[in-house]
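Here is what each chain is made of, one letter per residue.
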Amino acid sequence: MRPRGGGRLLVTGAAGAVGPHVAVLARDRGWEVTGMARAADETFVRGLGADFTTEAGEGWDAVADAGALQERALAAVRDGGRFVGVQPAARLPEERGVSVEVVFARPDGALLTRLLARVAKGDLPARVHAVVPLAEAAGAYRAMAEGGVRGRIVLVP
């Protein structure tokens, strides 16, 4: 996504697995980024170089819905704006002139190499909740399934 006719972007799930990357990459492309997350994540989101909110509000030129809020996030887009979601099986219909797109993971080794290099340099966030031995994988899986884990759990052999 590049700014078209405006540059105010709301990123839902800005403290999750995908949202922080969207916020940083969008800012690099000239968007005025605001990240939406829980109040407890404000410091993290602002550390991405984004403004912060806990509510979607309305009137955004575009919304990148990394938090999978769907209809609630679509309602935040101004008439004629853009909505990009992450749930291909639940693509929302276009309304009010808002263009609706859905993105999904696809293999791209060259892009992944560039992104990983940015993570290694500290340009993109890698939010790690814990590093645990592979023998504790079941507990890590349960913790992720229960929710509320801020970051990812890395399993090591």
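Refer to the structure above for everything that follows.
Residues numbered from 1 in each chain as written. Predicted model: local features only at pLDDT ≥ 70, side-chain atom pairs only at ≥ 80, totals over all residues. Heavy atoms only, no water.

Draft legend 1. Looking closely at the packing of aromatic side chains. If you walk through the whole model with that rule in mind, you get zero aromatic pairs. Taking the ring centre of phenylalanine 44 as reference, the NZ or CZ of arginine 127 above it sits at 4.0 Å. (Phe/Tyr/Trp six-rings, centres within 6.5 Å; stacked < 30°, edge-to-face > 60°. Lys NZ or Arg CZ within 6 Å of the ring centre and 35° of its normal.)

Draft legend 2. Up close: the sheet that holds strand S1 (residues 8-12). Spatial strand order, S3-S2-S1-S4-S5-S6: six strands in an open sheet with parallel pairing. For this open sheet the edge positions go to strand S3 (51-53) and strand S6 (99-102), each flanked by a neighbour on one side alone. Each strand of the sheet is rotated relative to its neighbour by a mean of 20 degrees, with strand direction disregarded. Judged from the four bridges that link them, S1 and strand S4 (residues 60-65) form a sheet pairing that is parallel. In the sheet register, valine 11 faces S4, and the bridge partner there is alanine 64. The sheet strands contacting helix H1 (residues 19-28) are S1, strand S2 (32-36) and S4, and the helix crosses S1 at an angle near 165 degrees. (Pairing = 2+ DSSP bridges. Helix = DSSP H or I, 4+ residues; strand = E, 2+ residues; numbered from the N terminus. Axes fitted to C-alpha atoms, helices over the stretch in contact; angles between N-to-C directions. Contact = heavy atoms within 4.5 Å.)

Draft legend 3. Expanded view of unusual backbone geometry. Of note, alanine 68 is a non-glycine position whose phi angle comes to about 55 degrees, a positive value. As for its position among the elements, alanine 68 is in the loop between S4 and helix H3 (71-75). Judged by its relative accessible area of 30%, alanine 68 is partly exposed. (Buried < 20%, exposed > 50% of the residue type's maximum accessible area, 1.4 Å probe, protein only.)

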